[in-house]
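Listed below, chain by chain, are the residues.
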Amino acid sequence: MTDRILIVEDERDLLTTLRYNLEREGFETLGATTGAQALDLLSRQVPDLVLLDLMLPDMAGTEVCRRMRALEATRTVPVIMCTAKTEEIDRVVGFEVGADDYVVKPFSVRELLLRIRAVLRRTQGDRDGKEEWIEFGRLRVDPPAHRLWVDGEEIRLTALEFRLLLTFYERRGRVQSRERLLSDVWGYAVDVTTRTVDTHIKRLREKLGEASAYIETVRGVGYRFRERPGDAP
Ligand code: CA
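**A closer look at the overall build of the chain**
(1) Moving on: When helices and strands are counted, the chain shows eight helices and 12 strands.
(2) Moving on: Counting only residues that meet the buried cut, the chain has 52% of its 233 residues in that class.
(3) Moving on: For the chain, long-range pairs separated by at least 24 residues make up 56% of all intrachain contacts whose partners lie at least 6 apart in sequence.
(4) Moving on: Carbon together with sulfur atoms contributes 48% to the accessible area of the chain, which is approximately 11,100 Å² in total.

**Focus on the pattern of salt bridges**
(1) Moving on: Under the definition given, this model contains 25 salt bridges.
(2) Moving on: The residue Glu 11 makes a salt bridge to Lys 105 at a minimum N-O spacing of 3.4 Å. Pair noted here: Glu 11 is in the loop between strand S1 (4–8) and helix H1 (12–24) and Lys 105 is in the loop between strand S5 (101–104) and helix H5 (109–129), with a separation of 94 residues, a long-range link.
(3) Moving on: On the basis of relative accessible area, Glu 11 is assigned to the partly exposed category, the value being 43%.

**Describing the sheet that holds strand S10 (residues 175–177)**
(1) Moving on: Pairing in this open sheet of three strands is antiparallel, and the strands run S10-S12-S11 from one edge to the other. Whereas interior strands pair on both sides, the edge strands pair on one side only; in this sheet they are S10 and strand S11 (215–218). The average angle at which neighbouring strand axes cross in this sheet is 35 degrees, direction not considered.
(2) Moving on: Strand direction decides the pairing type here: S10 and strand S12 (residues 222–225), joined by three bridges, are antiparallel. Following the sheet pairing, Val 175 is matched in S12 by Arg 224.
(3) Moving on: Of the strands in this sheet, S11 and S12 touch helix H8 (residues 194–208), which is tilted by about 145 degrees from S11.

**Side note on the packing of helix H7 (residues 178–185) against H8**
(1) Moving on: One can describe the packing of H7 onto H8 by two numbers: an axis separation of 9 Å at closest approach and a directional angle of 80 degrees. Between H7 and H8, the crossing angle belongs to the class labelled roughly perpendicular. Two secondary-structure elements touch here, H7 through Arg 178, Glu 179, Leu 181 and Leu 182 and H8 through Thr 194, Val 197, Asp 198 and Ile 201.
(2) Moving on: Partitioning the contact of H7 with H8 into residue classes produces four nonpolar, one polar and three charged.

**Digging into the sheet that holds strand S4 (residues 79–83)**
(1) Moving on: Reading across from one edge, S2-S1-S3-S4-S5 is the order of the five strands in this open sheet, with parallel pairing throughout. At either end of the open sheet lies a strand with only one pairing partner, and these are strand S2 (28–32) and S5. Strand-to-strand twist in this sheet, taken as the mean axis angle between neighbours without regard to direction, amounts to 20 degrees.
(2) Moving on: Bridging between S1 and strand S3 (residues 49–53) involves four bridges; their strand directions are parallel.

**Topic: the nonpolar core**
(1) Moving on: In terms of nonpolar packing, the biggest core is built from 28 residues, with Leu 139, Leu 148, Leu 208 and Phe 225 touching the most fellow members.
(2) Moving on: Top element by residues in this core is helix H6 (residues 159–170). It accounts for seven residues.
(3) Moving on: Formed by 22 residues, the second largest nonpolar core is a distinct cluster that contains Ala 32, Leu 42, Val 79 and Val 97.

**Comments concerning the coordination of the calcium ion**
(1) Moving on: Protein ligation of the calcium ion involves Asp 10 (OD), Asp 53 (OD) and Met 55 (O), the donor distances falling in the range 2.1 to 2.3 Å.
(2) Moving on: Given the relative accessible area of 29%, Asp 10 is considered partly exposed.

**Quick word on H7**
(1) Moving on: Listing the buried residues of H7 in full gives Arg 178, Leu 181, Leu 182 and Val 185. Buried residues of H7, viewed axially, fall in a sector of 105 degrees; they line one side.

**Brief notes about the pairing of strand S7 (residues 139–142)**
(1) Moving on: Sheet topology places strand S6 (residues 134–136) next to S7; three bridges connect them, and they run antiparallel. Residue pairing for S7: Ile 134 is matched across the bridge by Val 141.
(2) Moving on: Linkage of S6 to S7, two consecutive antiparallel strands, is achieved through a turn of two residues, within which Gly 137 is found at a positive phi near 55 degrees.
(3) Moving on: Here S7 pairs with strand S8 (residues 147–150) via four bridges, running antiparallel. Among the inter-strand pairings, Asp 142 is bridged to a residue of S8, identified as Arg 147.
(4) Moving on: Hairpin connection, S7 to S8: the antiparallel pair is bridged by four residues, and His 146 has positive phi, about 55 degrees.

Reading guide: rules and limits
Residues numbered from 1 in each chain as written. Predicted model: local features only at pLDDT ≥ 70, side-chain atom pairs only at ≥ 80, totals over all residues. Heavy atoms only, no water. Helix = DSSP H or I, 4+ residues; strand = E, 2+ residues; numbered from the N terminus. Buried < 20%, exposed > 50% of the residue type's maximum accessible area, 1.4 Å probe, protein only. Contact = heavy atoms within 4.5 Å. Areas by Shrake-Rupley, 256 points an atom, 1.4 Å probe, with all protein chains shown as cover. Salt bridge = Lys/Arg side-chain N within 4 Å of Asp/Glu carboxyl O. Pairing = 2+ DSSP bridges. Axes fitted to C-alpha atoms, helices over the stretch in contact; angles between N-to-C directions. Parallel < 35°, antiparallel > 145°, perpendicular 65-115°, else oblique. Nonpolar A, V, L, I, M, F, W, Y, C, P; charged D, E, K, R; others polar. Core = buried A, V, L, I, M, F, W, Y, C linked by side-chain atoms within 4.5 Å. Donors = N, O, S within 2.8 Å, 3.2 Å for Na, K, Ca; no water. Arc of directions from axis to C-beta.

Everything listed here is a matter of coordinates, which is why it stays silent on function.
See the structure below:
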């Protein structure tokens, strides 16, 4: 199946170049040069991934991403944000906005392809691999639908938080180092720091409320998801 990528980029030359290069690599592409155009397109067809420029003429890429996350149809579509501002990265990736990854301009086509394939592998792996409902103490998880309930109340997680939670669950009872989580959850060795892992886990814990007790901090090493819900920390 051919993966379809929506590229949202207001620099027309760059948009043309990106479409050309991705199509040459076997992807189908759609293009939009404004946030409004992107949202309009997204309301009619759902791509497999969105490559989203942070600085658009009519609205910020972060706003496009937020609106995507608010809609059922596009809630779990992976987003790679393109940014020229490295200081924005922590805010953009997963944390506030819910992007899955980012590339910093100027980026090479090779780097972009690497990240696109890593994100698609992760998200499609999530979709195809785990068909079963998970019940764990206060948690109920529907992995294919990317939905989570705590004490019966649905909690919205970003794609990255969801993956983090599933990774923890699959390795429950075993300590996970920050480095291991970075490479497995984020997908490859990147220049995000291990502090990023802490930031996302803090956010995930806040969302989980009392169920956050299942994720234990192992000082100096990393984190561990409890083997059984009732285990004392
Ligand atoms: Ca731009």
